[in-house]
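Residue-level structural notes
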Protein chains: 2
Amino acid sequence: MRHCLIHRISTLSALILCVVAGHAVADEEGTIKYRQGVMKAQAGYMSAMGMVVQGRADFAGNMADHAEGLHRLVKIVPALFPEGSDFGETDALDKIWQNRDGFRSKAAEAEKAASGLVAATQSGDPGKIGQAYKAVGQSCKECHEEYRRKKN
Amino acid sequence: MRHCLIHRISTLSALILCVVAGHAVADEEGTIKYRQGVMKAQAGYMSAMGMVVQGRADFAGNMADHAEGLHRLVKIVPALFPEGSDFGETDALDKIWQNRDGFRSKAAEAEKAASGLVAATQSGDPGKIGQAYKAVGQSCKECHEEYRRKKN
C-alpha cells in the first residue's frame, strides 16, 4: 500500500514536471482512456457478433471481418496496461500489475480464443462459429472476473 | 404516421408468423442490437484513436490497424438500417428511411473520411493523421445530428 502510494506520487510528479516543462506527454488518464476505447471496441464487436450467432441478425457475411478486427484488438491487450496506468478512472485491479504473469497468461488465452474465432468465421460453419464465439466470451469473462473491478 | 403504424403492425405480424412456424429468424430487435454493437465498436475506435491524436497515449503504432478496423465498420453503415429496423429500442430517426438518399450520402461521406484516415495512418505523419481523424469525427457528428435522436 505504502509502495503503491509512493509510486503514484512519483508518477504524478513526473507528469507535472513534464507538463511544466511544456512537453506534450502521454498521461495515465490518456492511456486509461485509450485502453477503455479499445475495450469498448471489443465489446461492440462481441455484442454485434452475438446477434448473428444467435440468428437474430442477418449479417453472417460480416463475421470474418468482425472476428479479425476483434482479434487485432485482443492481441494488444497486455500492452494496454503499462506500469503507471493503475490508478485514476479505471476498473483495472492492482492484481494486473501484482500478478503480471497470471494476467499475461489469461490475455494469451483470450488471444488464442479470438484467433480460433477468426478461423471459424473463415470456415463459414455456423456450428463452429457459435462454439468459437462462446469460447471468446468465456475467456473475456474469466479475465474480467479476476482482473476487473466488480460492477455494482 | 398511419403508414408507419401499418408498416409496424405488418412487420410484427410477419415476425409472429415466423416464430409460430418455428423458424429461427432475424428480428428487428436483433438487427438493432447488431447495429448498436457495430456503432459501439466504431465509437471505441474513435475514442482510442483520439487519445493518440491528442498525444495522450503512446500507441501510434496501432493507429493504422484501428483506422482499418473503423473503415471496415463505417463501410457497412448503410446496410445496418434495413427496412423494419426503425422501431424498438433505437435512437435512429425515421428520417433515415424517409430520406434514404440523404442518409446514404452522409454515410458515403463518412466512408470517404474513414478511408482518408486509413491513408493518413499509413503515411505515419501525425499532422495528416490529426486532420484526417478530425474529418472522421466531423462526419460522424453531422450524420448523428441529422439522423440520430438527440440525447437529453
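Below you will find a few notes about this structure. Please read these numbers as outputs of a predicted model, since none were measured by experiment.

**As for the side chain of Thr121 of chain B**
Residues and elements named next belong to chain B. By the element assignment, Thr121 lies in helix H5 (residues 100-123). Under the relative-accessibility criterion, Thr121 is labelled buried at 8%. Those residues in contact with Thr121, other than ones at most four positions away along the chain, are Met63, Ala64, Ala67 and Ile129.

**Observations concerning the interface of chain B and chain A**
Listed as interface residues are 34 residues of chain B and, on the opposing side, 34 residues of chain A. Summed over both partners, the interface of chain B with chain A buries about 2800 Å², with 60% contributed by carbon and sulfur atoms. Ranking the residues of chain B by area buried against chain A places Tyr34, Arg56 and Phe59 of chain B at the top, with a combined share of 25%. Here chain B and chain A share 6 salt bridges between them. There are 12 residue pairs in polar contact (both at pLDDT 80 or more) connecting chain B and chain A. Of all the secondary-structure elements, those providing two or more residues to the side of chain B that touches chain A are helix H2 (28-53) and helix H3 (63-75) of chain B. Sorting elements by how many residues they give to the side of chain B that touches chain A places H2 of chain B first, with 16 residues. Tallied by class, residues from the side of chain B that touches chain A come to 16 nonpolar, 9 polar and 9 charged.

**Some remarks on the relation of the copies chain B and chain A**
At an RMSD of 0.0 Å, chain B and chain A line up after a rotation of 180° and a shift of 0.0 Å along the axis. The transformation relating the two chain copies, once decomposed into turn and shift, fits a two-fold axis. Distance from the rotation axis, computed per C-alpha, reaches its smallest value in chain B at Ala41 of chain B: 1.8 Å. Interface overlap between copies: 100% of the residues of chain B at the interface are likewise at the interface in chain A, consistent with a symmetric, same-surface contact.

**Digging into H5 of chain B**
All names here are of chain B. Helix length check: H5, at 24 residues, gives a terminal C-alpha distance of 35 Å against a target of 34 Å (1.5 Å per residue), a fit within 8%. For H5, the full list of buried residues reads Arg100, Gly102, Phe103, Lys106, Ala107, Ala110, Ala113, Ala114, Leu117, Val118, Ala120 and Thr121. Elements in contact with the buried residues of H5: H2, H3, helix H4 (95-98) and helix H6 (126-147). Directly beyond the C-terminal end of H5, a positive phi value near 75° is found at Gly124.

Basis of the calculations
- Residues numbered from 1 in each chain as written.
- Chains lettered and ligands numbered in written order.
- Predicted model: local features only at pLDDT ≥ 70, side-chain atom pairs only at ≥ 80, totals over all residues.
- Heavy atoms only, no water.
- Helix = DSSP H or I, 4+ residues; strand = E, 2+ residues; numbered from the N terminus.
- Buried < 20%, exposed > 50% of the residue type's maximum accessible area, 1.4 Å probe, protein only.
- Contact = heavy atoms within 4.5 Å.
- Buried area = accessible area lost by both parts, 1.4 Å probe.
- Salt bridge = Lys/Arg side-chain N within 4 Å of Asp/Glu carboxyl O.
- Polar contact = N/O pair within 3.5 Å; in protein donor to acceptor, adjacent residues only side chain to side chain.
- Nonpolar A, V, L, I, M, F, W, Y, C, P; charged D, E, K, R; others polar.
- Least-squares fit on C-alpha atoms with pLDDT ≥ 70 in both.
- Expected span 1.5 Å × (residues − 1).

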